[in-house]
Protein chains: 2
Amino acid sequence: MVESPSPMPSIKDLVDKGPIASGSAKRSGGREGRRQMRAAPVACFPVLESKIPVYEIVPAEAIELIHVESCKILEEIGIEFRDDEAAGMWKSAGADVRGYRVRIDRAQLMELVGKVPPEYTMHARNPERTVTIGGRKSIFVPMYGAPYVLDFEGKRRYGAKADLYNFHKLAYMAPQLHSTSSIICEPMDVPVPHRHLHIIYGCLRWSDKPFMGIVTARSRAEDTMKMAGIVFGEEFVKDNTVLTAVVNCNSPLVWDATMLDALKVYAAHNQPCLLSPFALCGASTAASTIGAVAQVNAEALAGLAFTQLVRPGSPQVYGQFMVAVDMKSGAPMGGTPEAAHMMLLMGQLARKYRLPWRTSGFHVGSKLPDAQAGYEANMLMHAAILSGANYIWHVAGWLEAGLCASYAKFLLDCEQLGGWYKYAQGVDVDDLKPAMEAVREVGPAGHFLGTAHTLSKFESAFFMPPMMDFSSWEQWSAEGSLDAAARALNKARTMLDAYEEPRLDQGKLEALEDFIARREKEIPATVS
Amino acid sequence: MVESPSPMPSIKDLVDKGPIASGSAKRSGGREGRRQMRAAPVACFPVLESKIPVYEIVPAEAIELIHVESCKILEEIGIEFRDDEAAGMWKSAGADVRGYRVRIDRAQLMELVGKVPPEYTMHARNPERTVTIGGRKSIFVPMYGAPYVLDFEGKRRYGAKADLYNFHKLAYMAPQLHSTSSIICEPMDVPVPHRHLHIIYGCLRWSDKPFMGIVTARSRAEDTMKMAGIVFGEEFVKDNTVLTAVVNCNSPLVWDATMLDALKVYAAHNQPCLLSPFALCGASTAASTIGAVAQVNAEALAGLAFTQLVRPGSPQVYGQFMVAVDMKSGAPMGGTPEAAHMMLLMGQLARKYRLPWRTSGFHVGSKLPDAQAGYEANMLMHAAILSGANYIWHVAGWLEAGLCASYAKFLLDCEQLGGWYKYAQGVDVDDLKPAMEAVREVGPAGHFLGTAHTLSKFESAFFMPPMMDFSSWEQWSAEGSLDAAARALNKARTMLDAYEEPRLDQGKLEALEDFIARREKEIPATVS
């Protein structure tokens, strides 16, 4: 699977020099030529290993109270698994099953949840992009699922395959991202029954990072695994994790057959799912931060427990998608304080259970990449970082509660991720003594620009985000008075112009294309 | 001093209903009529009493290491007090003084710093706006010092007295702000030697909240105290705190005569200063987060110690203004991760010394209230809140590293403050059991909108910021497709149209105006 080994740049290089390292391979002519060329050594941050303490917003006793209430929900109210096979599996496992309603006692629940590994490794087709998550190790994953894009002309329109592939390319090139995600925007110009083929093709071809599986039907999950098998080897993907998928619980307390079907396919192959209740807090949960967390915890734990009936020991991710609704209009909101509180609580629960867990980072409600989007984004991201989330999702491009993927916000978000990455490295206490030498050298009323310490540290001491403008008003005006979104669009254009394909073996590429052609013949293009 | 007692609304009312509570007094005709009317019951958040844990980014041992290095700086390198009187006071107190260079041993330093009260009360002319800060009690204070404004037409131009008074009025009306600040923007249309008179007049007339003193000359500090004396009573302001001022140390290691002169005036009257080294980290400190903190700590402690030579036991505030510079261009940056780290470290030091302390909340580098401004703002504000800062300054209006005050950002910032205020209230653990009743009531696949719990909580459960737009794309388009900045400008206009003056006793108002007229005759309008 090793196809484009490239020297790893230092984090300093990555933060300072941006996504495109020097020394890119020269373009050779034509499609075939580009396929054959050595991949450009595109940089990527290593997995984030946080060196700062997690933030515990409530005492451990409060977490125990939540846990007990979550257990009571599953024991006394129960949860529905609306799938005959799943309900049958619960019955065989000894749970109290009536119709689709499953009541699980806490001993069985915790025994099953205890089988989920505390961390897992997800292989990329380029082994240098392989990641391990769990504990203090985290990854940044771009957004997923937008029907609309905010395009280069500032127009909001349906997403197209060309957009999706642009986003796959940007995800590949952005050093801050550890995954290509998959359905960053919906390719609305491809018939629904064929979309999954083109989405996964894009992930496997335009990027060499891990990606996300399709969950909208059992057959589509199976196609995803077959396409992964073409690239990674059919045997390899039976037991080795090469993707992560998301399955949402329909809050309150319903796991549906579609999601469970996809889950069964992936779990059988040791491919993890994010067991993520989708909660519009106040509507599909109580209008209560702690109440919403207790319910979502019950839902996620039940989902995780089920995965261990499918394949004990399979890696899985404790998940949640929690957004408070505006209780006057019913609209989902974005970066609000309670959403941050919920993340911090979920982090405390995840640590109690020793589970890798996901959250959403730059999830915002704004229509535009404007001040609202910026405020909302970092209202949430500080909590994503301080709560110790492992699979930090939706961290590039997200606007409008997920309805829209924005090129500008994609790039702005990525740059901010660089800042949060640096933030999570913590404070370099060992630099205290050397810095004090500089203070002695300079004394009162001097400046530090020429000290030996400054010369050795000036590139690495402080995060310097190039898309953020700190120049004088005059210089900024002379450069066109561009706001952050306009600067980011320019950057996206420049990056796409410089894109070079990470080489995929020609035989595998043809096999993927043959597979798609065959499946397109087999699957009617119209939804029945 | 009680002039406009008004019933305190609940926090819920404030958060939900915005700045203008119902029941405003009817406008009576003419200037005189408006002066005489009862003040409108404008709402104000109580002092923020944080209920969430502080975040300690480094262990206590690292804080001790910083403390020791800061002490060594003052013992071995020393710090300059460039003022004969101040140097003489240090000599009399037994410090090692050579010229202006003062070396202070750590025992004397800590003895003096130990005299600073851990909290203080700052009286407002409306006693309901009186605040106590220190420990877990914090206030939000709008920005200070901008020569430029970004106006209602989106034009950046010099600030004028009319702008300054607009900002005073907005500061009065914004329930999230606990102070009027003072020089929110510079009134560039007033001659420099007379400006302080008009600035303080605006604070005292257009708002009834605490304010900030003038520090640009001893005589201006004295005029500030005289004007405060007219409103609060000459005797009262000799010992009772009615304002806070800022004095900046010129990093590295210089306290200058102008600042020390103002400090002496205020400390003699028990009026606190923010002892705030102004550090462009990397230029006026080492290029090191921890090194910058150790130096700034030494500077701030030396300044605080000096205040206790002036008036032992006088309230004072441990301060810092720390911004990292872009080491490639030399430009000061805004919301970057190291600035957040520095805040968190300063908070740990402040708690070690049991000092009230200040930081800057929404300090950003952006030229515009755009995505950059939003990202930067909340990159810093999370740290301001989690570090437990008490005097959280520059939290409304700030753009362009402080060069520009923006009407739009003023209002956007205030709304975000409401979110952070709610954030700092923490998670209501007691709501767990009632919320679980709602889960039992609803069960799987239902919704919570009609439960008794929802009906009792829907107004208070979640922060709902009205300027943030969460409506559908269609509705938002029908309303003009306004970005956050445009919505905020509309809000600023509406608020200023609705402004009603908080009544100040007619005799006091005339005395203030007489004082200004007299001083304008005494002070030449041109700077000599």
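Note that the structure is a prediction, hence the values are computed from the model and not measured.

Asks: Lay out the overall build of chain A with the relevant residues and their values.
Replies: Looking only at helices and strands, chain A features 19 helices and 19 strands. Its C-alpha atoms give chain A a radius of gyration of 24 Å, within 12% of the compact-globule value 24 Å for 528 residues. Viewed in the frame of its principal axes, chain A has a C-alpha envelope of about 75 × 60 × 45 Å. A fraction of 78% describes how many contacts in chain A between residues 6 or more apart in sequence connect residues 24 or more apart. Carbon and sulfur atoms make up 54% of the accessible area of chain A, which totals about 16600 Å². Chain A carries 54 positive and 60 negative side-chain charges, and their two centres are separated by 3 Å.

Asks: So what's going on with the pairing of strand β5 (residues 119–122) of chain B? Residues and values would help.
Replies: All names here are of chain B. Taking every second residue as pointing to the same face, the buried face of β5 carries Y120 and M122, while none of E119 and T121 on the other face is buried. Where β5 lies against strand β6 (residues 131–134), four bridges are found, and the strand directions are antiparallel. Note that in β6 the partner of M122 across the bridge is V131.

Asks: Talk me through the packing of helix α15 (residues 432–442) of chain A against helix α11 (residues 289–310) of chain B; I want residue IDs and the actual numbers.
Replies: Relative orientation of the contacting elements α15 of chain A and α11 of chain B amounts to 55°, with a least axis distance of 8 Å. Judged by the angle between their axes, α15 of chain A and α11 of chain B are oblique. Once α15 of chain A is placed against α11 of chain B, the crossing between them reads as right-handed. Touching L432, A435, M436 and V439 of chain A of α15 of chain A are I290, G291, A294 and Q295 of chain B, all from α11 of chain B. Counted by class, the contact of α15 of chain A with α11 of chain B contains six nonpolar, two polar and no charged residues.

Asks: Run through the packing of aromatic side chains, naming residues and quoting values.
Replies: Taken as a whole and assessed by the stated rule, the structure comprises 42 aromatic pairs over all chains. These aromatic residues form a ring-pair network of at least three members: Y165, Y172, Y201, W206 and Y499 of chain A. A cation over an aromatic ring shows up here: K169 of chain A above the ring of W206 of chain A, its NZ or CZ 4.4 Å from the ring centre. Its guanidinium or amino end placed over the ring of Y148 of chain B, R156 of chain B lies 3.7 Å from that ring's centre, counting from NZ or CZ.

Asks: Can you lay out the packing of helix α3 (residues 60–77) of chain B against helix α12 (residues 337–353) of chain B for me, pointing to particular residues and giving the numbers?
Replies: Residue and element names in this part refer to chain B. Packing of α3 against α12 leaves a shortest axis separation of 10 Å and a crossing angle of 80°. Relative to α12, the element α3 is oriented roughly perpendicular. Between α3 and α12, the contacting residues are I63, E64, I66 and H67 on the first element and L345, Q348, L349, K352 and Y353 on the second. For the contact of α3 with α12, a count of residues per class yields five nonpolar, two polar and two charged.

Asks: Residue-level account of the sheet that holds strand β9 (residues 156–158) of chain B, with values.
Replies: Residue and element names in this part refer to chain B. What the four strands build is an open sheet, ordered β9-β8-β19-β18; its pairing is mixed. Sheet topology places β9 and β18 (398–399) at the edges, where each strand pairs with a single neighbour. Of the pairings in the sheet, the one linking strand β8 (residues 148–150) to strand β19 (residues 404–406) comprises three bridges and is parallel in character. Along β19, the bridge assignment pairs L150 with S406.

Asks: Can you break down the state of the cysteines residue by residue, with the values?
Replies: Counting across every chain of the model gives zero disulfides over all chains. Note on C281 of chain A: no disulfide assigned, nearest cysteine sulfur contributed by C249 of chain A at a separation of 12 Å. For C281 of chain A, a relative accessible area of 0% puts it in the buried group. The structure places no disulfide on C414 of chain B, whose sulfur is separated from the nearest cysteine sulfur, that of C44 of chain B, by 11 Å.

Asks: Describe in detail the environment of A396 of chain B, supporting the description with residues and values.
Replies: Residue and element names in this part refer to chain B. Structurally, A396 is set in the loop between β17 (391–393) and β18. With 256 residues separating them along the chain, A396 and F140 place their C-alpha atoms 8.7 Å apart. In contact with A396, other than residues within four places in its own chain, are P142, M143, L177, F410, D413 and C414.

Asks: Quick one: what's the story with the sheet that holds strand β8 (residues 148–150) of chain A, residue by residue and with numbers?
Replies: The four strands are arranged β9-β8-β19-β18 (chain A) in an open sheet whose pairing can be described as mixed. Looking at the sheet topology across the chains shown, the edges are occupied by β9 (156–158) and β18 (398–399) of chain A.

Asks: Before we move on, can you summarise the interface of chain A and chain B with the specific residues and values?
Replies: The interface of chain A with chain B comprises 119 residues on the first partner and 119 residues on the second. It is Y375, F462 and F470 of chain A that lose the most area in chain A upon contact with chain B, and together they represent 10% of the buried surface on that side. At the boundary of chain A with chain B, the tally comes to eight salt bridges. Here the side of chain A that touches chain B takes ten residues from helix α13 (residues 371–386) of chain A, the largest share from any one element.

Asks: Quick rundown of the relation of the copies chain A and chain B? Include the residues and the values.
Replies: You can overlay chain A on chain B at an RMSD of 0.0 Å; the transform is a turn of 180° with a shift of 0.0 Å along its axis. In symmetry terms, the pair is related by a two-fold rotation axis. Most of the interface of chain A is mirrored in chain B, where 100% of its interface residues again form contacts.

Asks: I'd love a proper account of the side chain of S406 of chain B, names of residues and values included.
Replies: Residue and element names in this part refer to chain B. Residue placement: S406 occurs in strand β19. On the accessibility criterion, S406 (1% relative accessible area) is buried. Among the polar contacts made by the side chain of S406, one reaches the main-chain amide nitrogen of A408 at a distance of 3.3 Å. In terms of polar contacts, S406 uses its side chain to reach the backbone amide nitrogen of K409, at 2.9 Å. Look past the residues within four positions of S406 in its chain and what remains in contact with it is L150, F167, P369, G397 and L399.

Asks: Describe in detail unusual backbone geometry, supporting the description with residues and values.
Replies: In this structure, the amide linkage connecting S251 of chain A to the following residue, P252 of chain A, adopts the cis form with an omega of 0°. Inspection of the secondary structure puts P252 of chain A in the loop between β11 (243–250) and β12 (254–256). Even without being a glycine, R354 of chain B presents a positive backbone phi close to 55°. Mapped onto the elements of the fold, R354 of chain B is located in the loop between α12 and β16 (358–360).

Asks: How would you sum up the pattern of salt bridges? Please name residues and give values.
Replies: For the structure shown, the criterion picks out 64 salt bridges over all chains. The closest approach of N and O atoms between D469 of chain B and K367 of chain A, which form a salt bridge, is 2.8 Å. Highlighted residues: D469 of chain B in the loop between α16 (452–457) and α17 (473–478) and K367 of chain A in the loop between β16 (358–360) and α13, drawn from two different chains. A relative accessible area of 10% means that D469 of chain B is categorised as buried.

Asks: Can you explain the confidence of the model for chain A? Please cite residues and give values.
Replies: All names here are of chain A. For chain A, mean pLDDT is 93; residues scoring 70 or higher make up 92% of the total. Per-residue pLDDT stays below 50 along residues 1–40; that stretch engages in 96 contacts with residues further than four places along the chain or on separate chains. Under the prediction, the complex receives an ipTM of 0.93, its pTM being 0.93.

Asks: I'd love a proper account of helix α12 (residues 337–353) of chain A, names of residues and values included.
Replies: All names here are of chain A. Over its 17 residues, α12 extends 25 Å from the first C-alpha to the last, a length consistent with the 24 Å expected when each residue adds 1.5 Å. Burial analysis of α12 places 15 of its 17 residues in the buried class, the great majority of the element. Phi turns positive, to about 55°, at R354, one or two residues after α12.

Asks: Give a description of the environment of H178 of chain A that names residues and reports values.
Replies: Residue and element names in this part refer to chain A. Structurally, H178 can be placed in the loop between α6 (161–173) and α7 (192–206). Classification of H178 by relative accessible area gives buried; the value is 2%. Between the alpha carbons of H178 and F211 there is a distance of 9.0 Å; along the sequence they are 33 residues apart. Residues in contact with H178, not counting those within four places in the same chain, are C44, F45, P46, V47, L48, V131, S138, I139, F140, K209, P210 and Y421. Among the polar contacts made by the side chain of H178, one reaches the main-chain carbonyl oxygen of F45 at a distance of 3.2 Å.

Asks: So what's going on with the pairing of strand β2 (residues 79–82) of chain A? Which residues, and what values?
Replies: Residues and elements named next belong to chain A. Here β2 runs beside strand β4 (residues 101–103); their pairing, made up of two bridges, is antiparallel. Bridging from a neighbouring strand, I79 pairs with V102 of β4. One ladder, built from three bridges, connects β2 with β12; its direction is parallel. Bridging from a neighbouring strand, E80 pairs with V254 of β12.

What counts, and at which threshold
Residues numbered from 1 in each chain as written. Chains lettered and ligands numbered in written order. Predicted model: local features only at pLDDT ≥ 70, side-chain atom pairs only at ≥ 80, totals over all residues. Heavy atoms only, no water. Helix = DSSP H or I, 4+ residues; strand = E, 2+ residues; numbered from the N terminus. Rg over C-alpha atoms; globule rule 2.2 N^0.38 Å. Contact = heavy atoms within 4.5 Å. Areas by Shrake-Rupley, 256 points an atom, 1.4 Å probe, with all protein chains shown as cover. Lys, Arg positive; Asp, Glu negative; His and termini not counted. Charge placed at Lys NZ, Arg CZ, Asp CG, Glu CD. Buried < 20%, exposed > 50% of the residue type's maximum accessible area, 1.4 Å probe, protein only. Pairing = 2+ DSSP bridges. Axes fitted to C-alpha atoms, helices over the stretch in contact; angles between N-to-C directions. Parallel < 35°, antiparallel > 145°, perpendicular 65-115°, else oblique. Left-handed = near helix turned anticlockwise from the far one by under 90°. Nonpolar A, V, L, I, M, F, W, Y, C, P; charged D, E, K, R; others polar. Phe/Tyr/Trp six-rings, centres within 6.5 Å; stacked < 30°, edge-to-face > 60°. Lys NZ or Arg CZ within 6 Å of the ring centre and 35° of its normal. Disulfide = S-S within 2.5 Å. Buried area = accessible area lost by both parts, 1.4 Å probe. Salt bridge = Lys/Arg side-chain N within 4 Å of Asp/Glu carboxyl O. Least-squares fit on C-alpha atoms with pLDDT ≥ 70 in both. Polar contact = N/O pair within 3.5 Å; in protein donor to acceptor, adjacent residues only side chain to side chain. pLDDT = per-residue confidence, 0-100. Expected span 1.5 Å × (residues − 1).

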